[in-house]
Amino acid sequence: MSEESDLEKTEPASPRRLEKAREEGQVARSRELVTFVMLSTGVGGVWVLGEMMGGHFDSALRNGLQFERASAFDPAHMMNQAGSAVLHAMQALMPVLMLMLVAALVAPMLLGGWLLSGKSLAPNFSKLNPIAGIGRMFSVETLAELVKTIIKSLLVGGVAWWVIMDDLAAIMALLSEPSRAALPHTLHLVAGSCALIIASLLLVAGIDVPYQLWSHAHKLRMSREDLRQEQKESDGDPQVKAQIRRAQQQMAKRRMMAEVPKADIIVTNPTHFAVALKYIDKDMRAPRVIAKGTDLVALRIRAMAEEHKIPVLEAPPLTRALYRHTKLGDEIPAALYAAVAEVLAWAYQLQRAAEGGATPRTPRDLPVPDSLDPLALAGTTTEPTGNAA
């Protein structure tokens with residue numbers, strides 16, 4: 001039962017699944033909403049611009065019905081008449097066509113937004129499968145579209161019949177009106193009748209939009225196994241992440257070991273820990289830890305110190321405190337200023353001794369607070385071991 005429930009698509013689509021579907025051109029769309037917006041814009045444009053359009057059509061009609069004997073034998077005159085008629089028609093229709101073009105661009109933003117996806121334009125030969133095509137013909141989605149089309153046809157047809165019958169007297173009265181008044185009147189009648197018919201499409205769009213949103217969400221539903229697989233992909237393969245982590249640690253170690261030759265002194269535990277300190281009087285407020293490590297890394301730090309003739313001092317409590325309470329690049333804790341100052345002074349005296357000065361006394365019993373020494377807190381004298389840092 002648990003395996004079956006894992007395979008059932010009962011979970012809503014994740015944000016990643018929705019984003020991927022959008023990249024593939026899958027968004028909720030309502031053709032009824034787009035049709036309603038475009039027709040409403042066209043009818044509204046005719047209603048507002050009806051007088052101007054009627055004037056252009058009246059001019060085109062008058063010019064087209066004028067006939068002189070000379071024009072019958074002059075092809076150039078006939079072409080001028082035809083060009084003039086086309087120009088008047090374009091002047092009449094262009095504003096409404098531009099409004100409908102804007103509506104065609106804005107309407108998709110109402111549901112799903114603009115979408116430019118190359119994947120949706122790519123050829124998909126699976127759609128040529130006749131078996132799959134027959135399956136789509138008898139699917140629930142096709143049945144819903146059929147029911148919606150029947151309801152829309154009945155609704156629009158019924159409203160159109162009612163509007164025409166209601167305006168029948170006004171339509172017949174157009175025959176007795178002069179052309180200059182009849183054309184604008186006709187456009188207003190057509191726009192008013194179409195507005196009532198289009199208003200019926202608002203009901204269809206109001207039903208279709210929620211259905212398309214539900215259908216889109218239903219198609220993108222995921223099973224629990226899909227969610228687990230997606231989570232695994234987003235988190236990454238644990239083995240790959242472990243390899244990346246090891247590579248990062250190796251790079252950090254190499255960068256750290258490159259700083260060891262710049263150290264002023266190395267303090268050790270003596271075998272388990274090693275910490276490299278650096279202090280520049282004008283650039284640093286306090287000495288900084290530029291390298292540290294345990295076991296094999298500590299051994300490498302001491303070897304590099306010997307190679308580059310950097311002073312090494314066995315100071316177990318100080319070394320343990322610095323290792324525990326600092327990170328690479330950190331300044332030393334204020335409680336260790338006195339101890340580190342004594343160690344650095346010894347290192348500087350060693351440098352002067354190498355130039356002919358007196359050999360300094362090796363520091364002993366450095367002032368390290370018990371609260372910073374891990375062994376003092378643990379109440380043991382056994383030196384702990386640790387992994388390389």
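1. Observations regarding the overall build of the protein chain
Item 1. Scanning the protein chain from terminus to terminus reveals 15 helices and four strands.
Item 2. Of all 389 residues assigned to the protein chain, the portion counted as buried reaches 31%.
Item 3. Put simply, of all contacts in the protein chain between residues at least 6 apart along the chain, 77% involve residues at least 24 apart.
Item 4. Only carbon and sulfur atoms are counted for the fraction: they give 63% of the accessible area of the protein chain, which is about 25000 Å².

2. Quick look at the layout of surface pockets
Item 1. By volume, the second largest pocket amounts to about 190 Å³.
Item 2. Taken together, A144, E145, V147, K148, I151, L155, L203, V204, I207, D208 and Y211 make up the full set of residues lining the second largest pocket.
Item 3. Contributions of two or more residues to the lining of the second largest pocket are made by α7 (140-166) and α9 (179-219).
Item 4. Counting residues per element, the lining of the second largest pocket draws most heavily on α7, which supplies six residues.
Item 5. Looking at the lining of the second largest pocket residue by residue, the classes come out as eight nonpolar, no polar and three charged.

3. Some words on helix α14 (residues 337-354)
Item 1. Here α14 is 18 residues long and its end C-alpha atoms lie 26 Å apart, about the 26 Å a rise of 1.5 Å per residue gives.
Item 2. Among the residues of α14, those classed as buried are A339, V340, V343, L344, W346, A347 and A353.
Item 3. The elements touched by buried residues of α14 are β1 (265-268), β2 (273-278), β4 (312-314) and α13 (316-325).

4. Description of the side chain of S14
Item 1. Relative to the elements of secondary structure, S14 occurs in the loop between α1 (2-7) and α2 (15-23).
Item 2. S14 sits in the buried class, given a relative accessible area of 9%.

5. Some details on the pairing of strand β3 (residues 288-294)
Item 1. Most of β3 sits inside the fold, with six of its seven residues counted as buried.
Item 2. Sheet topology note: the β2/β3 ladder contains six bridges and is antiparallel. Residue V275 lies in a different strand from β3, and its bridge partner there is K292.

6. Re the confidence of the model for the protein chain
Item 1. The share of residues in the protein chain with pLDDT of 70 or more is 82%, and the mean pLDDT across the chain is 78.
Item 2. Counting contacts from residues 1-6, a segment whose pLDDT is below 50, to residues more than four positions away or on other chains yields five contacts.
Item 3. Every residue in residues 381-389 scores below 50 in pLDDT, and together they form 26 contacts with partners more than four places removed in sequence or on other chains.

Reading guide: rules and limits
- Residues numbered from 1 in each chain as written.
- Predicted model: local features only at pLDDT ≥ 70, side-chain atom pairs only at ≥ 80, totals over all residues.
- Heavy atoms only, no water.
- Helix = DSSP H or I, 4+ residues; strand = E, 2+ residues; numbered from the N terminus.
- Buried < 20%, exposed > 50% of the residue type's maximum accessible area, 1.4 Å probe, protein only.
- Contact = heavy atoms within 4.5 Å.
- Areas by Shrake-Rupley, 256 points an atom, 1.4 Å probe, with all protein chains shown as cover.
- 1 Å grid on protein atoms, 1.4 Å probe; cavity = no way out; pocket = protein on both sides within 12 Å on 5 of 7 lines; lining within 4 Å.
- Points joined across faces, edges and corners; volume = space filled by probe spheres on them.
- Nonpolar A, V, L, I, M, F, W, Y, C, P; charged D, E, K, R; others polar.
- Expected span 1.5 Å × (residues − 1).
- Pairing = 2+ DSSP bridges.
- pLDDT = per-residue confidence, 0-100.

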